[in-house]
Amino acid sequence: MPLALLALAVGAFGIGTTEFVMMGLLPNVADDLHISIPTAGHLVSAYALGVVIGAPLLAAVTSRLARRTVLIGLMALFVVGNALSALAPGYDALLAARFLSGLPHGAFFGVGAVVATGLVAPERKARSVSLMFMGLTVANIAGVPVATLMGQHLGWRATFLGVSAIGLAAIVSLSLLIPRDHTHEAAGGLRGELAALRSLPVWLALGTTVAGFGALFAAYSYITPMLTDAAGYADASVTLLLALFGVGATIGNLVGGRLADHSLRGTLFGGLLALAAVLGVFPLLMHAEWSAALAVALLGTAAFVTGSPLQLMVMEKASAAPSLASSANQAAFNLANAGGAWIGGLALAAGLGVTSPALAGAGLAVLGLVVAGVAYAVDRRRSLPVAGRERLVATHVPEEYPQSVRG
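It should be emphasised that the depicted structure is a prediction, and the values quoted were computed from it without experimental measurement.

## Describing the packing of aromatic side chains
Thought 1: Enumeration according to the criterion identifies eight aromatic pairs in this entry.
Thought 2: Taking the centre distance of 5.6 Å and the plane angle of 55° together, the rings of Phe 109 and Phe 133 count as tilted. Here the residue Phe 109 occupies a position in helix α4 (residues 91-118), and Phe 133 occupies one in helix α5 (residues 125-154), the gap between them amounting to 24 residues. This pair shows no difference in class: Phe 109 is buried, exactly as Phe 133 is.
Thought 3: Taken together, the aromatic side chains of Phe 213, Tyr 220, Phe 245, Phe 304 and Phe 333 make up a single cluster linked through ring pairs.

This is how it looks when you write it as C-alpha cells:
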C-alpha cells in the first residue's frame, strides 16, 4: 500500500478527534462560557450541520480542481476552524467556529476515498479506503481520550490548538505524499456533477448508509447509561470501554476492507446481519461487566465492517461524479448519527428500558438489510433480458455501475 494513504489517515485522525472530543468536553466548555450543558450540546449539532452542508457543496464546487490541491485546501480550512474554536471569545463565536470546522469533514473523506482507490490496483480498492478510515477509528482509541484529558487539565482551548497542530501535520503529509498529477476527470460542471446523483442505485446505497449506521448510533449514543445503569460499571470506567469500542471499530474496518475486495455486496450483507445480531442480544450482554465489555467491542467491529463497502459502493454507482457521491455518503453518515440518536431516544422516552435503544438499532439494521436487498434486486433486474432481447451488461448497463458488473 502506498505511503500516500498514511497522509490521508493522518487527516482522518485529526477529523475524528475533533468530531468526537466535544462530547467529553461539554462540562468544561459549559462552565467556562457560563452556559448550560444542553446549550453546549448545540456545539455538537453545529459541527454535524457543517458536515451535512459542506460535504456535497465543497465536493461539487471543487470538482475541476486537482484532488491534491482540494485535500490540502480542505485541511487548511479544518485548521482555521479549530484555531478559531480555540480563540473564540464566547458561545456564539464558538458555535460558528464549530460549524466551520465541520464543513471540510465530508468532502475530505469523499475526495480522499477517490484518491485512495486511484492509488492502488482495482482488487485493493476497498482495502485502501479502509486504511484511510483507520485514522478515524484510531482517533477513538487514542485521539479522543488524550484530547479529552488535555482539555480537562489544560483547558478546552488547548484541545483545539492541539487538533489544529494535527491538521498542520496532515497538510505537510499531503503535500509530500499525494501525487501531483492526481486530478479530477473532466466534468460537466456543477450541473453535471449533480446529474450523476439522480440514479436510483446511488440513492439506495445512500439509504443503506443512513439505516445501517443509524443502527449503530441508536445504541452508541446511549452507551454510557447502558454501561453504568445496566452493566454496573463506574463512571470512571466508561472512557476505557469507549476506547475498546474504537479497537473493535479498527478491527472491523480493516477486516471489512479486506473482505470487500473479494465480495463487496457479500461483505455489506454480512456486516449488516452481524450488526443486527449484536444489537439484538445487546440487552442480554449488558447484565454482566465482562459480557458488556465484549458487547461494546463487538458493536464497533460489526458496525465498521460495512464502512468501506458502503463508501466504495456509492462511488461505483456514481462513477461520473465519484467525489461528490463519496462526499454525499459522508453526509449520510452524519444524518445516520442524528437520526439514530433520535430514534434511540424515542425508545428511552417510551419507558422501554435503558437498553431499549439497542433494540431500536437492531430494527434499523434490519431496515438497512432490506434497502440493500432492494438495491441488489434493482441491479439484477437491470441485467435481465428486456422485450425478448438480451440486455448485454457490457454495453447496456449505465457507467455508474461497478466494473465487476459491466464485465
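## Digging into the pattern of salt bridges
Note that side chains of opposite charge can pair when their charged atoms are close.
Thought 1: Applying the stated criterion to the full structure yields three salt bridges.
Thought 2: With a shortest N-O distance of 3.9 Å, Asp 32 and Arg 157 are connected by a salt bridge. Here Asp 32 is found in helix α1 (residues 4-33), whereas its partner Arg 157 is found in helix α6 (residues 156-177), with 125 residues between them in sequence.
Thought 3: Its relative accessible area of 27% is what places Arg 157 among the partly exposed residues.
Thought 4: Between Arg 127 and Asp 261 there is a salt bridge, and its shortest N-O distance comes to 3.5 Å. With Arg 127 in helix α5 and Asp 261 in the loop between α10 (238-260) and α11 (264-285), this pair connects stretches of sequence that are 134 residues apart.

Rules and cut-offs
- Residues numbered from 1 in each chain as written.
- Predicted model: local features only at pLDDT ≥ 70, side-chain atom pairs only at ≥ 80, totals over all residues.
- Heavy atoms only, no water.
- Phe/Tyr/Trp six-rings, centres within 6.5 Å; stacked < 30°, edge-to-face > 60°.
- Helix = DSSP H or I, 4+ residues; strand = E, 2+ residues; numbered from the N terminus.
- Buried < 20%, exposed > 50% of the residue type's maximum accessible area, 1.4 Å probe, protein only.
- Salt bridge = Lys/Arg side-chain N within 4 Å of Asp/Glu carboxyl O.

These results come straight from atomic positions and should not be treated as a statement about function.
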